[in-house]
Amino acid sequence: SVQAHKEEDNPQTTMEVNGLTPVPDSYDYDLIVIGGGSGGLAAAKEAAKYEKKVMVLDFVTPTPQGSSWGLGGTCVNVGCIPKKLMHQAALLGQALQDSRKFGWQFTEEVKHNWMTMTESVQNYIGSLNWGYRVALRDKKVTYENAYGEFVGPHTIKATNKKGVEKLYTAERFIIATGERPRYLGIPGDKEYCISSDDLFSLPYCPGKTLVVGASYVALECAGFLAGLGLDVTVMVRSILLRGFDQDMANRIGEYMKEHGVNFIREFVPVKVEQVEEGTPGKLKVTAKSTTGDQIIEGEYNTVLLAIGRDPCTRKIGLDKVGVNINERTGKIPVNDEEQTNVPYIYAIGDILQGKLELTPVAIQAGRLLVQRLYAGATAKCDYVNVPTTVFTPLEYGACGYSEETAVEKFGEENIEVYHSHFWPLEWAVPSRDNNKCYAKIICNIQDNERVIGFHVLGPNAGEVTQGFAAAIKCGLTKEQLDSTVGIHPVCAEV
Amino acid sequence: MGCEEVQVRGYPEFVRTAQSYHGRPIFALFCGDKDAEGRSWCPDCVSAEPVVRKELHNLPDDSVFIYCLVGDRAYWKDPNNEFRRNLKLTGVPTLLKYGTPQKLVEEECVKAELVHMLFTED
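Residues numbered from 1 in each chain as written. Chains lettered and ligands numbered in written order. Predicted model: local features only at pLDDT ≥ 70, side-chain atom pairs only at ≥ 80, totals over all residues. Heavy atoms only, no water.

- Taking an unreviewed UniProt entry as the reference, chain B is identified by name as Thioredoxin domain-containing protein 17 belonging to Prunella himalayana.
- UniProt lists a comment for chain B under the heading Subcellular location (unreviewed entry), and it reads "Cytoplasm".
- Heading Sequence similarities (unreviewed entry) of the UniProt record for chain B holds this comment: "Belongs to the thioredoxin family." (UniProt positions renumbered as here; feature names shortened; annotations may be inferred.)

- Under the annotation held in an unreviewed UniProt entry, chain A carries the name Thioredoxin reductase 1, cytoplasmic and is attributed to Prunella himalayana.
- Quoted verbatim from the Function (unreviewed entry) heading of the UniProt record, the comment on chain A is "Reduces disulfideprotein thioredoxin (Trx) to its dithiol-containing form. Homodimeric flavoprotein involved in the regulation of cellular redox reactions, growth and differentiation. Contains a selenocysteine residue at the C-terminal active site that is essential for catalysis. Also has reductase activity on hydrogen peroxide (H2O2)."
- The Sequence similarities (unreviewed entry) field of the UniProt record for chain A holds the comment "Belongs to the class-I pyridine nucleotide-disulfide oxidoreductase family."

Rendered as structure tokens:
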């Protein structure tokens with residue numbers, strides 16, 4: 001009934017006509033969260049615990065290819081979850097090969113069915129979407145599948161997919177709109193290329209694929225596509241995994257190259273044309289060298305762009321409420337309490353300037369923010385020593401400084417790097433590579449040889465890294481590490 | 001509103017019935033068997049049934065509502081019974097939209113708000 005009242009008054013007309021922006025003196029909601037992803041949902045559910053009146057707005061603008069998805073954000077729908085499941089599908093393919101050496105006998109050739117895998121993955125995602133809706137409804141959080149944008153102080157306009165607009169006001173807002181894949185801006189990119197937003201629900205096997213980019217998204221996707229038996233090429237403009245420890249990045253690249261992924265280095269696509277229609281069709285990609293005038297051409301069934309992600313902050317009316325954004329990147333600067341320059345507007349997740357783009361970080365930031373707002377808590381989100389894992393065919397787990405950053409910050413003479421190759425026992429029988437798995441720790445000599453960087457390249461890297469992240473948070477030193485007895489036989493004992 | 005209700009008992013009858021209505025939205029409520037006095041051995045089912053019935057009028061027009069008795073308590077407790085194995089049911093009562101991942105399990109079925117959401121939203 002409060003909403004109906006507002007619609008009748010039509011405050012929006014008043015605002016636009018006089019240029020004056022009246023501030024409502026009582027609000028529809030205590031908190032409106034724009035974006036129903038990892039950060040947004042965590043914040044909304046937390047706020048509901050404190051009996052606050054909360055609304056979540058979530059809307060997915062379809063991709064140029066028409067893909068869309070349900071509540072839950074990138075991680076659940078087109079990120080971490082389907083990625084890890086498809087990575088697992090590829091690992092299982094490898095395991096099937098290894099299994100013969102362990103005595104399993106099967107005469108049939110093992111083939112992979114893309115549709116079977118995709119259907120299972122999408123089904124699981126569907127149950128997660130539903131689960132979130134049940135959770136929100138159960139906790140009395142209002143959820144609207146509508147595009148939210150600011151129209152004035154404390155006021156947001158929500159437009160659903162039928163174009164129906166509603167206005168809502170709230171005392172506070174949390175922007176958690178996340179990011180979407182970037183396109184190249186070359187002829188044919190939006191018409192013919194796909195992105196990670198399309199890949200995990202692709203209704204046909206991608207076939208021979210060109211992955212453009214060298215981000216973890218590019219390498220993880222290239223990795224599992226190759227693992228499923230597809231012909232994969234990665235086109236890299238300059239370096240692999242910018243921002244990650246480059247020694248580790250190069251080892252990952254080498255491993256992928258030795259295991260069937262083709263790399264085209266120092267080239268960028270300039271044109272994508274369709275040779276044949278179909279599902280998949282045939283595309284011709286023309287690329288130019290970054291170091292000279294050389295032009296090359298190649299034909300692929302699918303071109304997957306993974307060159308970066310841009311924050312969804314340009315079209316949500318931030319200018320109407322005066323929220324500053326970094327004009328070049330679109331990211332929102334916040335203080336250490338996730339507050340923007342407008343005191344009642346907060347931001348969390350991938351859109352933040354200078355913060356890690358990870359689901360657990362967004363969740364943690366969202367929960368702690370809400371606890372500070374409504375439960376009198378003071379704890380701030382700790383962005384230091386956040387562990388992460390890249391699920392390339394040879395997995396890479398890391399926590400803390402890369403070697404380059406450690407050298408830059410502390411000086412080469414003040415750090416000590418301990419490293420070792422290791423050979424997983426499970427790889428010995430099927431004779432898999434014995435010199436690829438690798439671990440290193442970076443220690444600060446001036447601080448009791450405190451471990452400031454942890455890097456491991458090998459199976460189950462994520463599982464291995466998690467515990468060490470906790471140890472690093474507790475101030476793990478080399479001596480303590482040495483005095484910890486290993487578990488045998490596991491990779492982590494190295 | 002006009003939704004058709006069918007009552008079935010046991011897995012084979014459920015599957016036959018669901019297949020016969022292929023093409024129409026199918027909603028199903030799975031409950032434990034009822035005794036001679038009409039009371040189920042499953043207390044949550046006893047609570048949920050009236051809540052679900054009250055929301056039935058909100059079902060889309062050409063829907064089918066299948067009320068399915070799964071069997072006695074012993075049958076249900078068997079971890080290999082067909083409902084668990086094939087339909088992936090984990091508890092009774094379960095209220096689901098057939099062919100989708102959308103379902104409500106046990107205490108969720110007693111909450112009118114959630115039943116309403118399952119019946120009316122996509």
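### Focus on the overall build of chain A
Part 1 of the argument: A count of helical and extended segments in chain A gives 16 helices and 22 strands.
Part 2 of the argument: In terms of overall size, chain A behaves like a compact globule, its C-alpha atoms giving a radius of gyration of 25 Å where 494 residues would be expected to give roughly 23 Å.
Part 3 of the argument: Along the three orthogonal principal directions, the C-alpha set of chain A runs to about 75 × 65 × 50 Å.
Part 4 of the argument: Taking all contacts inside chain A whose residues are at least 6 apart in sequence as the whole, residues at least 24 apart take part in 63%.
Part 5 of the argument: Where the 49 positive side-chain charges of chain A centre and where its 61 negative ones centre are 3 Å apart. (Helix = DSSP H or I, 4+ residues; strand = E, 2+ residues; numbered from the N terminus. Rg over C-alpha atoms; globule rule 2.2 N^0.38 Å. Contact = heavy atoms within 4.5 Å. Lys, Arg positive; Asp, Glu negative; His and termini not counted. Charge placed at Lys NZ, Arg CZ, Asp CG, Glu CD.)

### Considering the interface of chain A and chain B
Many structure descriptions define interface size as the accessible area lost when the parts assemble.
Part 1 of the argument: The partner chain B presents 12 residues to the 8 residues of chain A that form the contact.
Part 2 of the argument: Summing both sides of the interface, chain A and chain B together bury roughly 1,000 Å²; the carbon and sulfur share of this comes to 56%.
Part 3 of the argument: By the criterion of area lost to chain B, the three top residues of chain A are Trp130, Arg133 and Arg137 of chain A, representing 66% of everything that side buries.
Part 4 of the argument: Across the chain A-chain B interface, the total number found is 4 salt bridges.
Part 5 of the argument: The salt bridge partner of Arg137 of chain A is Glu121 of chain B, with a shortest N-O separation of 2.5 Å.
Part 6 of the argument: There are 4 residue pairs in polar contact (both at pLDDT 80 or more) connecting chain A and chain B.
Part 7 of the argument: A class-by-class count of the residues in the side of chain A that touches chain B yields 2 nonpolar, 3 polar and 3 charged. (Buried area = accessible area lost by both parts, 1.4 Å probe. Salt bridge = Lys/Arg side-chain N within 4 Å of Asp/Glu carboxyl O. Polar contact = N/O pair within 3.5 Å; in protein donor to acceptor, adjacent residues only side chain to side chain. Nonpolar A, V, L, I, M, F, W, Y, C, P; charged D, E, K, R; others polar.)

### Let's talk about unusual backbone geometry
Part 1 of the argument: For the bond running from His488 of chain A to Pro489 of chain A, omega is -5°, close enough to zero to count as cis.
Part 2 of the argument: Relative to the assigned elements, Pro489 of chain A resides in the segment after helix H16 (478–482).
Part 3 of the argument: Pro93 of chain B follows Val92 of chain B through a cis peptide bond whose omega is 0°.
Part 4 of the argument: By secondary structure assignment, the location of Pro93 of chain B is in the loop between helix H4 (82–86) and strand E4 (94–97).
Part 5 of the argument: In this model, Asn448 of chain A sits at a positive phi of 60°, which is unusual for a non-glycine residue.
Part 6 of the argument: For Asn448 of chain A, the position within the fold is in the loop between strand E21 (437–444) and strand E22 (450–457).
Part 7 of the argument: Classification of Asn448 of chain A by relative accessible area gives exposed; the value is 58%. (Buried < 20%, exposed > 50% of the residue type's maximum accessible area, 1.4 Å probe, protein only.)

### Some points on the UniProt feature "binding site: NAD(+)" (unreviewed entry) in chain A
Residues and elements named next belong to chain A.
Part 1 of the argument: Look at the UniProt record and you will see "binding site: NAD(+)" (unreviewed entry) annotated at Gly213, Ala214, Ser215, Tyr216, Val217, Ala218, Leu219, Glu220 and Gly308. Across 96 residues, the annotated set stays spatially compact, with a maximum C-alpha separation of 13.6 Å.
Part 2 of the argument: By the element assignment, Ala214 lies in the loop between strand E9 (209–212) and helix H9 (216–227).
Part 3 of the argument: Look at Ala214 and you get buried, because its relative accessible area is 13%.
Part 4 of the argument: Apart from the residues lying within four places of it in its own chain, the contact partners of Ala214 are Leu219, Val236, Ile239, Leu240, Leu241 and Ala306.
Part 5 of the argument: Residue position: Ala218 is located in helix H9.
Part 6 of the argument: Under the relative-accessibility criterion, Ala218 is labelled buried at 0%.
Part 7 of the argument: Discounting residues that sit within four places of it in the chain, Ala218 has contacts with Val211, Gly213 and Ala306.

### Things to note about the sheet that holds strand E14 (residues 295–300) of chain A
Residue and element names in this part refer to chain A.
Part 1 of the argument: Judged by pairing direction, the sheet is antiparallel, and its 3 strands sit side by side in the order E12-E13-E14 without closing on themselves. One side of each edge strand has no neighbouring strand; the edge strands of this open sheet are strand E12 (267–276) and E14. In this sheet, neighbouring strand axes are inclined to one another by 20° on average, regardless of whether the strands run parallel or antiparallel.
Part 2 of the argument: Taken together, the 6 bridges between strand E13 (residues 282–289) and E14 define a ladder with antiparallel strand orientation. Opposite Thr286, over in E14, you have Glu297 as the bridge partner. (Pairing = 2+ DSSP bridges. Axes fitted to C-alpha atoms, helices over the stretch in contact; angles between N-to-C directions.)

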